2 protein chains.
Amino acid sequence: MFHDFKLMDDRPIYIQLKDYLKKMITNGHLLEDQKLPSTRELSALLSLSRNTVLTAYADLEQEGLIYAVKGKGNFVSKVATHKAPSIHLDWKEKINNNTLLADQLDLMKHGVHWKKGMIAFNSIAPDEKLFDVENFKKAFLTRMAIEGDIVLNYGYAKGYKPLIEALLHYMELKGVDVSNKDILITNGFTEGLDILLSSLGQKRGHILSENPTHHTALKLFRLHGYEIHGIDMCEDGIDIPRLETALSTKTFDLAYFIPSYHNPTGIVTSSEKRMALMKLFSHYHIPIIEDGFNEELRFSGSHLPPLATFAGPGNNVIYISSFSKILFPGLRIGWILADKDLIYYLESIKRARTIHSSTLDQAILYQYLHDGYFEKYLKKAKSVYKKKYELALESCQRYLPYKRMTGDGGLHLFIELKNNLNARTVLESCYRKGVVFSPGDVFYTDGKGQNTFRLGFSRLKEEDIVNGIKTIGDTIRNEFGG
Amino acid sequence: MFHDFKLMDDRPIYIQLKDYLKKMITNGHLLEDQKLPSTRELSALLSLSRNTVLTAYADLEQEGLIYAVKGKGNFVSKVATHKAPSIHLDWKEKINNNTLLADQLDLMKHGVHWKKGMIAFNSIAPDEKLFDVENFKKAFLTRMAIEGDIVLNYGYAKGYKPLIEALLHYMELKGVDVSNKDILITNGFTEGLDILLSSLGQKRGHILSENPTHHTALKLFRLHGYEIHGIDMCEDGIDIPRLETALSTKTFDLAYFIPSYHNPTGIVTSSEKRMALMKLFSHYHIPIIEDGFNEELRFSGSHLPPLATFAGPGNNVIYISSFSKILFPGLRIGWILADKDLIYYLESIKRARTIHSSTLDQAILYQYLHDGYFEKYLKKAKSVYKKKYELALESCQRYLPYKRMTGDGGLHLFIELKNNLNARTVLESCYRKGVVFSPGDVFYTDGKGQNTFRLGFSRLKEEDIVNGIKTIGDTIRNEFGG
């Protein structure tokens with residue numbers, strides 16, 4: 001007995017010994033009132049320091065797993081080890097349809113997978129090599145020094161007040177009229193959109209969006225029972241005449257737009273179009289969900305205000321964003337800027353579901369913004385991503401036979417292949433050559449886009465961008481006569 | 001012009017100047033092609049270093065808000081400042097009934113509020129003075145040194161792998177059979193319960209619980225359309241005969257139990273009762289949601305395995321817990337331990353809603369557990385809370401006229417007043433004397449409990465515990481003849 005004790009890892013040794021004994025007791029391998037070896041015996045047997053054994057025994061006694069009898073030693077306490085008749089439920093049969101749909105639409109489970117060493121154009125996540133971990137640590141230590149204990153205890157559902165203030169200021173600088181508006185902090189853009197959709201109207205509403213559009217948003221619209229009406233895009237944003245037709249012939253509950261570096265097309269909606277679009281929706285009194293996605297990643301051209309700015313004092317735009325796509329996605333901090341009355345209700349849904357978002361993460365992000373690290377980081381990130389963008393653009397022009405390519409900046413390009421060549425078929429051959437990308441069909445509202453794909457280059461080395469795109473081009477030419 | 005520029009706070013000065021100018025441009029106070037003062041002029045005018053102005057101008061140009069003309073200076077770029085006709089939607093009218101209910105049931109909005117300086121028995125949150133911020137910082141720095149960049153980028157919906165492994169081990173030490181089980185990391189207990197309820201069965205199910213029980217759980221059951229059937233509690237847990245009657249006369253979809261330091265009664269369900277209860281539910285094949293709430297806060301008595309342990313290899317118990325109630329609630333990390341098949345589906349709901357919980361928070365918590373800081377902290381916390389518990393117990397016995405008092409440990413006691421004295425009426429008088437507590441009715445499944453209240457003492461100084469309870473006792477005696 002006790003001979004099978006081994007040190008597993010670098011955890012404190014007394015804890016490993018305690019855990020070992022605890023497991024034997026809770027499993028019933030050590031029986032009630034059974035005498036344990038003396039600390040001297042056990043330390044000799046396991047060649048551990050006597051102190052280690054003493055501490056482990058003390059802890060076990062403290063946890064009510066053993067008891068000491070003066071002069072007699074340590075004994076195992078009474079611990080329930082009997083089991084009730086074990087039963088097996090069929091959980092799949094208990095899952096509701098919405099959850100089965102969520103599983104079906106789960107690209108991480110059922111999407112394209114790639115192996116290490118492949119050139120993967122799937123991701124549009126930031127390149128972690130860019131993260132300035134040092135300033136992040138500084139921001140953490142500064143905040144902890146100021147109010148570490150506060151930051152680690154419960155906060156408010158609406159969010160960490162200093163961060164809310166900073167974000168209101170941040171939005172004001174974009175020209176947004178923040179009077180009569182408020183902010184709810186969420187776990188990234190995704191929770192923001194989910195909370196909003198959970199709070200609005202009844203199920204089975206009608207939503208208008210660009211086509212193609214962000215697949216995570218599409219997934220949530222479907223999970224919330226919305227019927228999605230996609231409007232095709234031109235080079236400078238949504239097709240306004242088609243939008244007008246749609247608005248004049250159908251009633252919609254909501255609209256969803258990604259004006260900057262649109263996912264997946266990478267198109268930036270022009271200032272004129274933003275204005276035209278806002279005028280239309282003001283006319284039809286339909287609320288707009290604006291996805292602030294990658295707005296910060298402007299590589300060139302003049303400043304473009306978000307739709308929320310064009311709305312002026314109006315309350316019909318719900319702006320949802322996060323810094324995740326450029327800064328620390330691991331932090332899961334996003335926000336909803338909207339009418340005060342709306343935020344008042346969203347706050348209760350947020351509280352009912354998760355109490356609030358991590359106060360620690362919000363506090364670090366606040367300090368990071370406050371100390372100007374974000375500005376510094378953004379400059380560096382832009383210059384690196386700009387180079388990758390230009391390289392990807394040039395490589396596509398040189399190597400890829402395509403019908404149409406879009407992408408005004410950001411972290412990805414969108415390709416439409418000639419002669420309705422199927423992107424998934426191309427992907428299969430590229431996969432064998434160690435190159436993968438995102439088939440475009442998942443971004444479409446109407447099952448179209450079989451001949452499209454998205455190229456995310458944010459996390460790739462420059463040579464991989466070139467070689468990867470060349471491989472795709474060669475594959476299309478040699479195998480599909482593209 | 002520019003005279004109203006003031007340094008607002010300790011942010012880098014060039015950023016404050018940049019923001020000031022940016023705001024004037026996006027607001028249209030500076031017009032297109034308007035010439036800006038030279039860097040020399042502006043630095044003199046605002047008595048800032050020339051470098052500060054240079055950096056601010058460089059940033060503004062980089063963001064496309066101004067442009068430089070060689071030899072001529074800096075000019076304002078074209079920035080859209082026109083607004084669309086602004087409209088006002090009535091958001092309240094667009095909110096669905098479920099959200100209105102969430103607002104109604106929102107105790108933080110509509111519950112008892114207290115002012116600074118009052119003795120507040122409302123909270124059962126941990127005392128932040130106990131947090132060992134130093135070891136928390138160490139855990140953070142250790143993890144950042146090991147994989148800071150990874151931790152700050154996207155993670156997995158299921159959770160941070162090292163933490164999942166550690167928690168499986170942690171549950172195994174409680175005697176839980178973890179084979180064929182898996183863990184989903186959530187934003188605290190609350191998100192765990194919400195995700196589970198969102199995934200199971202259809203709406204309008206029937207759920208069985210202790211009466212009274214945790215009001216956040218009650219809120220979620222109601223928001224998910226469950227009909228709640230509460231079973232009264234005895235000194236050692238739920239009333240088994242009544243439970244048997246309920247089970248034999250009605251069909252239930254689910255049951256919810258808090259076996260340890262039950263909220264609000266503070267009762268610990270005895271080992272015998274845990275076994276009896278599990279046998280019953282095995283017989284009726286009804287899944288159990290076990291709330292691991294404060295299980296770790298054992299002050300005395302022998303180790304009690306969770307219900308999940310009694311289930312053995314069975315898959316009918318869904319164990320949901322977090323360390324929030326004792327350790328860093330600001331972190332929002334909890335977990336669901338359940339059947340592998342169930343977790344597989346819950347993972348997709350988690351991903352659809354929030355992608356994943358903060359990787360940073362999970363990584364710090366993992367390191368904190370791994371390095372044995374949690375064990376150290378728990379010992380300290382237990383000894384402090386045990387003293388507060390004994391003091392509160394003794395003070396209640398001495399000063400409070402009550403019909404029944406329960407609380408076997410943990411961070412709170414539950415009081416039932418004599419002669420159906422209304423706790424809210426008592427609260428009103430106590431409020432005027434600067435003492436507040438949680439009326440018990442909010443914890444009841446059937447609108448009962450008007451003569452009950454919960455006393456949370458975790459965050460109070462010892463003298464405040466005594467004085468606060470004395471005040472409540474005096475109020476009852478002097479004003480209500482209790």
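Residues numbered from 1 in each chain as written. Chains lettered and ligands numbered in written order. Predicted model: local features only at pLDDT ≥ 70, side-chain atom pairs only at ≥ 80, totals over all residues. Heavy atoms only, no water.

Taking an unreviewed UniProt entry as the reference, chain A is identified by name as GntR family transcriptional regulator belonging to Pullulanibacillus pueri. Looking at the Sequence similarities (unreviewed entry) heading of the UniProt record, one finds this comment for chain A: "In the C-terminal section; belongs to the class-I pyridoxal-phosphate-dependent aminotransferase family." Under the UniProt heading Cofactor (unreviewed entry), the entry covering chain A gives this text: "pyridoxal 5'-phosphate". (UniProt positions renumbered as here; feature names shortened; annotations may be inferred.)

Engineer: Just to check I follow, could you spell out the relation of the copies chain B and chain A for this structure?
Structural biologist: Between the two chain copies there is a screw-like relation: a rotation about an axis and a shift along it. The transformation that overlays chain B on chain A combines an axial shift of 0.0 Å with a rotation of 180°, and the residual RMSD is 0.0 Å. Expressed as a symmetry operation, the mapping of one chain copy onto the other fits a two-fold axis. Taken as a fraction of all interface residues of chain B, those also at the interface in chain A reach 99%, which identifies the copy contact as same-surface. (Least-squares fit on C-alpha atoms with pLDDT ≥ 70 in both. Contact = heavy atoms within 4.5 Å.)

Engineer: Would you mind showing me how to read the domain arrangement of chain A here?
Structural biologist: By a frequent convention, interface size equals the accessible area lost on bringing the separate parts together. Split into domains, chain A comes out as domain 1 (13–76), domain 2 (111–125 + 378–480) and domain 3 (133–371). Of note, the centres of domain 1 of chain A and domain 3 of chain A, computed from C-alpha atoms alone, are 55 Å apart. (Domains from an automatic or database assignment.)

Engineer: Is there a simple way to think about the interface of chain B and chain A in this case?
Structural biologist: In this assembly, 132 residues from chain B lie in contact with 131 residues from chain A. Here chain B meets chain A over a buried area of about 11,700 Å², counting both sides, of which 59% is carbon and sulfur. Ranking the residues of chain B by area buried against chain A places Trp91(B), Leu152(B) and Tyr345(B) at the top, with a combined share of 7%. Inspection of the region where chain B meets chain A yields ten salt bridges. Glu375(B) is the salt-bridge partner of Lys18(A), the closest N and O atoms lying 2.2 Å from each other. The interface formed by chain B and chain A includes 64 residue pairs in polar contact (both at pLDDT 80 or more). Residue contributions to the side of chain B that touches chain A peak at eleven residues, all from helix H7 (residues 133–152) of chain B. Of the residues assigned to the side of chain B that touches chain A, the class counts are 51 nonpolar, 42 polar and 39 charged. (Buried area = accessible area lost by both parts, 1.4 Å probe. Salt bridge = Lys/Arg side-chain N within 4 Å of Asp/Glu carboxyl O. Polar contact = N/O pair within 3.5 Å; in protein donor to acceptor, adjacent residues only side chain to side chain. Helix = DSSP H or I, 4+ residues; strand = E, 2+ residues; numbered from the N terminus. Nonpolar A, V, L, I, M, F, W, Y, C, P; charged D, E, K, R; others polar.)

Engineer: Is there a simple way to think about helix H10 (residues 215–223) of chain A in this case?
Structural biologist: One full turn of an α-helix is made of 3.6 residues, so residues set three or four places apart face in the same direction. Residues and elements named next belong to chain A. The element H10 is largely enclosed, with a buried count of seven among its nine residues. Restricting attention to buried positions, one finds in H10 the residues Thr 216, Ala 217, Leu 218, Lys 219, Leu 220, Phe 221 and Leu 223. Backbone geometry just downstream of H10 places Gly 225 in the positive-phi region, at approximately 75°. (Buried < 20%, exposed > 50% of the residue type's maximum accessible area, 1.4 Å probe, protein only.)

Engineer: Is there a simple way to think about the pattern of salt bridges in this case?
Structural biologist: Pairs may arise between side chains of opposite charge once their charged atoms sit close together. Tallying each qualifying case throughout the model produces 71 salt bridges over all chains. Ionic pairing is found between Lys23(A) and Glu172(B), a salt bridge with its closest N-O pair at 3.2 Å. Of this pair, Lys23(A) sits in helix H1 (residues 13–26) while Glu172(B) sits in helix H8 (residues 161–173), on two different chains. A relative accessible area of 29% means that Lys23(A) is categorised as partly exposed. A relative accessible area of 25% means that Glu172(B) is categorised as partly exposed. With its nearest N and O atoms 2.9 Å apart, the salt bridge here joins Lys386(A) to Glu390(A). Linking Lys386(A) with Glu390(A), this pair stays in helix H16 (residues 373–399), spanning four residues, or about one helical turn. Looking at Glu390(A), the relative accessible area reads 37%, which means it is partly exposed. A single salt-bridge network, built from bridges that share partners, covers Lys18(A), Lys22(A), Asp59(A), Glu63(A), Glu375(B) and Lys379(B).

Engineer: What's the story with the packing of aromatic side chains in this structure? I'm lost.
Structural biologist: The geometry of two aromatic rings is summed up by the distance between their centres and the angle between their planes. For the structure on display, the rule yields 43 aromatic pairs over all chains. Aromatic side chains Phe5(B) and Tyr20(B) sit 5.1 Å apart centroid to centroid with 70° between the ring planes, which places their arrangement in the edge-to-face category. Linking Phe5(B) in the segment before helix H1 (13–26) with Tyr20(B) in helix H1, this pair joins segments that are 15 residues apart in sequence. The pair formed by Phe5(B) and Tyr20(B) is uniform in burial state, with each residue classed as buried. Seen in terms of ring centroids, Phe299(B) and Tyr389(B) are 5.9 Å apart; in terms of plane orientation they differ by 50°. Their pairing is tilted. Residue Phe299(B) is found in the loop between strand S9 (288–291) and helix H13 (307–310), and its partner Tyr389(B) is found in helix H16 (residues 373–399); the two are separated by 90 residues along the sequence. When sorted by exposure, Phe299(B) lands in the same class as Tyr389(B), which is buried. Of note, Lys109(A) hangs over the ring of Tyr345(B), and the distance from its end group to the ring centre comes to 5.9 Å. We note Lys161(B) situated over the ring of Tyr156(B); from NZ or CZ to the ring centre the distance is 3.8 Å. (Phe/Tyr/Trp six-rings, centres within 6.5 Å; stacked < 30°, edge-to-face > 60°. Lys NZ or Arg CZ within 6 Å of the ring centre and 35° of its normal.)

Engineer: Any chance you could explain the side chain of Glu210(B) here in plain terms?
Structural biologist: Residue and element names in this part refer to chain B. If you trace the backbone, Glu 210 turns up in strand S5 (residues 206–211). Within the buried core, Glu 210 has no salt-bridge partner, and the shortest N-O distance to an opposite charge, that of Arg 274, equals 8.6 Å. For Glu 210, the side chain forms a polar contact with the main-chain nitrogen of Ile 258, separated by 3.0 Å. Reaching out from Glu 210, the side chain makes a polar contact with the side chain of His 262 at a distance of 3.3 Å. Those residues within four positions of Glu 210 in sequence are excluded, and the remaining contacts are Gly 230, Ile 231, Met 233, Ile 238, Tyr 256, Phe 257, Ile 258, His 262, Thr 269 and Thr 445. (Lys, Arg positive; Asp, Glu negative; His and termini not counted.)

Engineer: When you look at the environment of Phe252(A) in this model, what are you seeing that I'm missing?
Structural biologist: Residues and elements named next belong to chain A. Note that Phe 252 resides in the loop between helix H11 (240–249) and strand S8 (254–257). Distance in space between the C-alpha atoms of Phe 252 and Ile 25 is 63 Å, their sequence separation being 227 residues. Setting aside chain neighbours within four positions, we find Phe 252 in contact with His 206, Ile 207, Leu 208, His 229, Ala 246, Leu 247 and Ile 286.

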